[in-house]
Amino acid sequence: VGLATPEVVERFAAMGIHGYVHDEDDVDSYFEGLELVEPGVTWARDWRPDKAEHYPEMRAIRAGVGRKA
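What counts and what doesn't
Starting afresh in each chain, residues are numbered from 1 along the sequence in its written order. The model is predicted, so local features are restricted to residues of pLDDT at least 70 and side-chain atom pairs to those at 80 or more, both for listing and for counting; the totals for chains, interfaces and linings are taken over all residues. Heavy atoms from the whole structure form the basis of all side-chain values; hydrogens and water molecules are not counted. Secondary structure elements are defined from DSSP: runs of H or I of at least 4 residues count as helices, runs of E of at least 2 residues count as strands, and each element is numbered from the N terminus. Relative accessibility thresholds used throughout: buried, under 20% of the residue-type maximum; exposed, over 50%; partly exposed, between the two (1.4 Å probe, protein chains only). Contacts: residue pairs with any heavy atoms within 4.5 Å of one another. The accessible surface values rely on the Shrake-Rupley method and a 1.4 Å probe; as for residues, cover is taken only from the protein chains in view. Salt bridge, as used here: a side-chain nitrogen of Lys or Arg that lies within 4 Å of a carboxyl oxygen of Asp or Glu.

**What to know about the overall build of the protein**
- Across its full length, the protein holds two helices and four strands.
- Going from N to C terminus, the protein has its helices and strands arranged as α-α-β-β-β-β.
- A burial count over the protein gives 13% of its 69 residues as buried.
- For the protein, restricting intrachain contacts to residue pairs at least 6 apart in sequence, the fraction spanning at least 24 positions comes to 39%.
- With the model as given, the accessible surface of the protein reaches about 5400 Å², and the carbon-plus-sulfur share is 56%.

**Some words on the pattern of salt bridges**
- Enumeration over the complete set of coordinates arrives at one salt bridge.
- A salt bridge links R67 to E35, with the nearest nitrogen and oxygen atoms 3.3 Å apart. Of this pair, R67 sits in strand β4 (residues 66–68) while E35 sits in strand β1 (residues 34–36), and the two are 32 residues apart along the sequence.

**Quick notes on unusual backbone geometry**
- Cis geometry marks the peptide bond from E38 to P39; its omega dihedral reads 10°.
- Structurally, the position occupied by P39 is in the loop between β1 and β2 (42–43).

**Structural notes on the environment of D23**
- Within the secondary structure, D23 sits in the loop between α1 (6–14) and α2 (24–29).
- The class for D23 is partly exposed, based on a relative accessible area of 41%.
- Considering only alpha carbons, one finds D23 and R62, 39 residues apart in sequence, at a separation of 9.7 Å.

Structure representation (structure tokens):
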């Protein structure tokens, strides 16, 4: 799930790309009641921190994997 400020969403909308603004709590709530796989709900780039293409300044996508307990 992507995170963005309202200003970013407005700029994309001006280009015909529509989306929604989510905050971290919104994203985390999608996983309520699920057993999280490590590293849990985190920035997508942190799922593979060993990759050569690791960009520490990029924080736009939160990701997680959960399964029913």
